[in-house]
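# Coordinate analysis (summary)
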Amino acid sequence: MYFTQIVKTSHYIKFHEKSFPWSQVVEYVLTNKNRRKRGDKLQIETDRYYILGVVRNRKLEIINAKWK
């Protein structure tokens, strides 16, 4: 999976940015080796957090980021 940028969606900004900081989202996306691709969506899930994004035009748009 190839992307050149990681960007926020309006849904992430409105509902998830306060509880899951952007710096941690970027860190976890870049360092996690267990990414799952489902169609155009990217899922990263561990026992501590869940991140969902979609790849469009070589940009990873973060939709959801939650602590478990």
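Just so we're clear, the structure is a prediction, and the values are computed from it rather than from any experiment. (Residues numbered from 1 in each chain as written. Predicted model: local features only at pLDDT ≥ 70, side-chain atom pairs only at ≥ 80, totals over all residues. Heavy atoms only, no water.)

### Thoughts on the packing of aromatic side chains
Within the structure shown, the criterion is met by 6 aromatic pairs. Ring centres of Phe-20 and Tyr-28 lie 6.1 Å apart, and the angle between their planes is 70 degrees; this geometry places the pair in the edge-to-face category. Between Tyr-28 and Trp-67 the ring centres are 6.4 Å apart and the planes differ by 85 degrees, which places this aromatic pair in the edge-to-face class. With Tyr-28 in helix H2 (residues 22-31) and Trp-67 in strand E5 (residues 59-67), this pair connects stretches of sequence that are 39 residues apart. The class for Trp-67 is partly exposed, based on a relative accessible area of 36%. Here the aromatic cluster, defined as three or more aromatic residues joined through ring pairs, consists of Phe-20, Tyr-28, Tyr-49 and Trp-67. (Phe/Tyr/Trp six-rings, centres within 6.5 Å; stacked < 30°, edge-to-face > 60°. Helix = DSSP H or I, 4+ residues; strand = E, 2+ residues; numbered from the N terminus. Buried < 20%, exposed > 50% of the residue type's maximum accessible area, 1.4 Å probe, protein only.)

### Focus on the sheet that holds strand E2 (residues 35-38)
Backbone-to-backbone hydrogen bonds pair the strands of a sheet. The strands run either parallel or antiparallel. Ordered by their spatial adjacency, 5 strands build an open sheet running E1-E5-E4-E3-E2, and the pairing between neighbours is mixed. Each edge of the open sheet is held by one strand with a lone partner, namely strand E1 (5-8) and E2. Across this sheet, the average inter-strand angle for adjacent strands is 30 degrees, counted without regard to direction. In this fold H2 packs onto E1, E2, strand E3 (41-45), strand E4 (49-56) and E5, with an angle of close to 110 degrees to the strand it touches most, E5. (Pairing = 2+ DSSP bridges. Axes fitted to C-alpha atoms, helices over the stretch in contact; angles between N-to-C directions. Contact = heavy atoms within 4.5 Å.)

### Some points on H2
Of all the residues in H2, the buried ones are Val-25, Tyr-28 and Val-29. For H2, the angular spread of the buried residues around the axis is 100 degrees, confining them to a single face. Every exposed residue of H2 that faces more than 90 degrees away from the buried side is listed here: Ser-23, Leu-30 and Thr-31. Summarising the contacts, the buried residues of H2 are in contact with E1, helix H1 (10-15), E2, E3, E4 and E5. (Arc of directions from axis to C-beta.)

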